[in-house]
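Coordinate analysis (summary)
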Amino acid sequence: MSVTLDKAPRSFTVLMQDGTVHGVLLTPDTQEDRDLLHFDAHWGDCLDVIEVTAVDRYAASIRAIAVHDRATAIEDYKNRGGVSYSAARSLYRDCRVWARALTPAGRASWLADGLQGYAPLKHFALIEAMREFGEPTA
């Protein structure tokens, strides 16, 4: 009888600071333990706490970095455009829907267009969609 390792998704808590992963822990089972972890990490060590679902610690760190990058892009657009966070988040969602609806050739065409210079949030959503579909981004 062969034995296979189960790669079922689990909840991980990723501790980050300025986009750098400092630790990946299994998320505690109880809300009280989660709250304590968040409090200690944030107020004690000045770390951002991101909860993600992944199959292992490495995948969790990759997902947390993506979450951090997305939040940074939205925050940057909010600050540059002088709009609310909800407006910036809504625009990001619209850009993501747009990027996912394009064909691979269409995404490559927009990437070559120099979108980053005049529409950085749209460019970010385009790159994210291309990575999600396994398309080259360089």
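Preceding this section is the structure that the text describes.
These numbers were taken from a predicted model, which means no experiment stands behind them. (Residues numbered from 1 in each chain as written. Predicted model: local features only at pLDDT ≥ 70, side-chain atom pairs only at ≥ 80, totals over all residues. Heavy atoms only, no water.)

**Let's talk about the overall build of the chain**
Looking only at helices and strands, the chain has 6 helices and 3 strands in total. Going residue by residue from the N terminus, the α and β elements of the chain occur as β-β-α-β-α-α-α-α-α. Taken over the C-alpha atoms alone, the chain extends approximately 50 × 45 × 20 Å along its principal axes. Residues classed as buried in the chain amount to 29% of the 138 residues present. As displayed, the chain has an accessible area near 9,000 Å², and 55% of this comes from carbon and sulfur atoms. (Helix = DSSP H or I, 4+ residues; strand = E, 2+ residues; numbered from the N terminus. Buried < 20%, exposed > 50% of the residue type's maximum accessible area, 1.4 Å probe, protein only. Areas by Shrake-Rupley, 256 points an atom, 1.4 Å probe, with all protein chains shown as cover.)

**Overview of helix H4 (residues 104-112)**
Buried residues of H4: Gly-106, Arg-107 and Leu-111, and no others. Seen end-on, H4 carries its buried residues on one side only, within an arc spanning 140°. In H4, those exposed residues whose orientation departs by more than 90 degrees from the buried face are Ala-105 and Ala-112. Structurally, H4 contributes buried residues whose contacts are with helix H3 (85-101) and helix H6 (120-132). (Arc of directions from axis to C-beta. Contact = heavy atoms within 4.5 Å.)

**With respect to the sheet that holds strand E1 (residues 10-17)**
Taken together, 3 strands build an open sheet; the order of strands is E2-E1-E3 and the sheet is antiparallel. The open sheet has two edge strands with one neighbour each: strand E2 (20-26) and strand E3 (48-54). With direction set aside, neighbouring strand axes in the sheet form an average angle of 30°. Where E1 meets E3, 7 bridges bridge the pair, whose relative direction is antiparallel. (Pairing = 2+ DSSP bridges. Axes fitted to C-alpha atoms, helices over the stretch in contact; angles between N-to-C directions.)

**Details of the packing of aromatic side chains**
Within this structure, the stated rule accounts for 2 aromatic pairs. When the centroid spacing of 6.5 Å and the interplanar angle of 50° are considered together, the rings of Tyr-92 and Phe-124 count as tilted. With a gap of 32 residues between them, Tyr-92 in helix H3 and Phe-124 in helix H6 connect regions that are remote in the sequence. Across the pair, exposure class does not vary: Tyr-92 and Phe-124 are buried alike. Aromatic side chains Trp-98 and Trp-110 sit 5.2 Å apart centroid to centroid with 85° between the ring planes, which places their arrangement in the edge-to-face category. One end of the pair, Trp-98, is in helix H3; the other, Trp-110, is in helix H4, and 12 residues separate them in sequence. If you follow Lys-122 out to its NZ or CZ, it ends over the ring of Trp-110, 5.5 Å from the centre. (Phe/Tyr/Trp six-rings, centres within 6.5 Å; stacked < 30°, edge-to-face > 60°. Lys NZ or Arg CZ within 6 Å of the ring centre and 35° of its normal.)

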